[in-house]
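Descriptive analysis of the structure
Spelled out, the chains give:
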Amino acid sequence: MTAQEKQKVSRYEQILQALAQMLEVNPGARITTAALAKEVGVSEAALYRHFPSKARMFEGLIGFIEDTVFTRVSMITKSEADGVRQCEQILTLLLAFVQKNPGMARILTGDALSGETDRLRTRVNQFFERLETQIKQVLREAEAREGLRTQITPGASANLLMAAAEGRIRQFVRSEFKRSPTEQWDDQWPRLAAAVFRPAV
């Protein structure tokens, strides 16, 4: 990689980091390219040399979310942990990720995408659908491998678990990041698990 290519990658990452930071420190505010350019210390024209549109900048952040979360989800599903533990780890991973990256939480709830292209909201929806499908697969495999059973179907159970996690993310954003998404989670997960999974016979 040439020095020019390295600088281009570095500037690309710098722009995305600045956008994520602005989403975090300005909860509820809409980010303009002018403000972003000022934050990065470049002209708006320089921004557009790296990204043809603001939508592409958001797509870069969504790509980061996808890569980070699903790389770790893959590690969880390949582990020796049982199905209940894998579900807990996947949900805890999601909550811990948004707690560490509040700006990303605004993207995942759609709060930061108001007025942006529908393509971005579709991609966020696909992220959650993919995660729900992954949990459903964990449940199905655990039923075959461990005899793990759920109170309702694996699909309905996966949807319920994701709804609980998404609700906590929305509370985090609505509170302007004051209410941690992992707050009381250690106490709540066993109650949620007891409602979802059938007791071992």
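Residues numbered from 1 in each chain as written. Predicted model: local features only at pLDDT ≥ 70, side-chain atom pairs only at ≥ 80, totals over all residues. Heavy atoms only, no water.

Counted by the stated rule, this structure contains 11 salt bridges. A salt bridge links D111 to R106; the shortest N-O distance between them is 2.4 Å. Taken together, the salt bridges that share partners define one network made up of R30, K54 and E116. (Salt bridge = Lys/Arg side-chain N within 4 Å of Asp/Glu carboxyl O.)

The next thing to look at is the nonpolar core. If you look at soluble globular proteins, the nonpolar side chains tend to sit buried side by side. Ranked by internal contacts, the top residues of the largest apolar core, which has 63 residues, are L36, L94, I107, F127, L131, I135 and W189. Beyond its immediate sequence surroundings of up to four residues, I107 is in contact with L23, F58, L61, I62, I65, A112, L113 and V124. (Core = buried A, V, L, I, M, F, W, Y, C linked by side-chain atoms within 4.5 Å. Buried < 20%, exposed > 50% of the residue type's maximum accessible area, 1.4 Å probe, protein only. Contact = heavy atoms within 4.5 Å.)

A packed helix pair is summarised by two numbers, namely the angle formed by the two axes and the spacing between the axes. Running from N to C, helix α5 (residues 83-100) and helix α7 (residues 118-146) cross one another at 165 degrees; their axes reach a closest spacing of 9 Å. Overall, the two elements α5 and α7 adopt an arrangement that is roughly antiparallel. The chirality of how α5 crosses α7 is right-handed. For the pair α5 and α7, the contacting residues are G83, Q86, C87, I90, L91 and L94 in the first and F127, F128, L131, Q134, I135, V138, L139, A142, R145 and E146 in the second. In the contact of α5 with α7, the residues fall into 11 nonpolar, 3 polar and 2 charged. (Axes fitted to C-alpha atoms, helices over the stretch in contact; angles between N-to-C directions. Helix = DSSP H or I, 4+ residues; strand = E, 2+ residues; numbered from the N terminus. Parallel < 35°, antiparallel > 145°, perpendicular 65-115°, else oblique. Left-handed = near helix turned anticlockwise from the far one by under 90°. Nonpolar A, V, L, I, M, F, W, Y, C, P; charged D, E, K, R; others polar.)

Any link to function would need more than the numbers given here.
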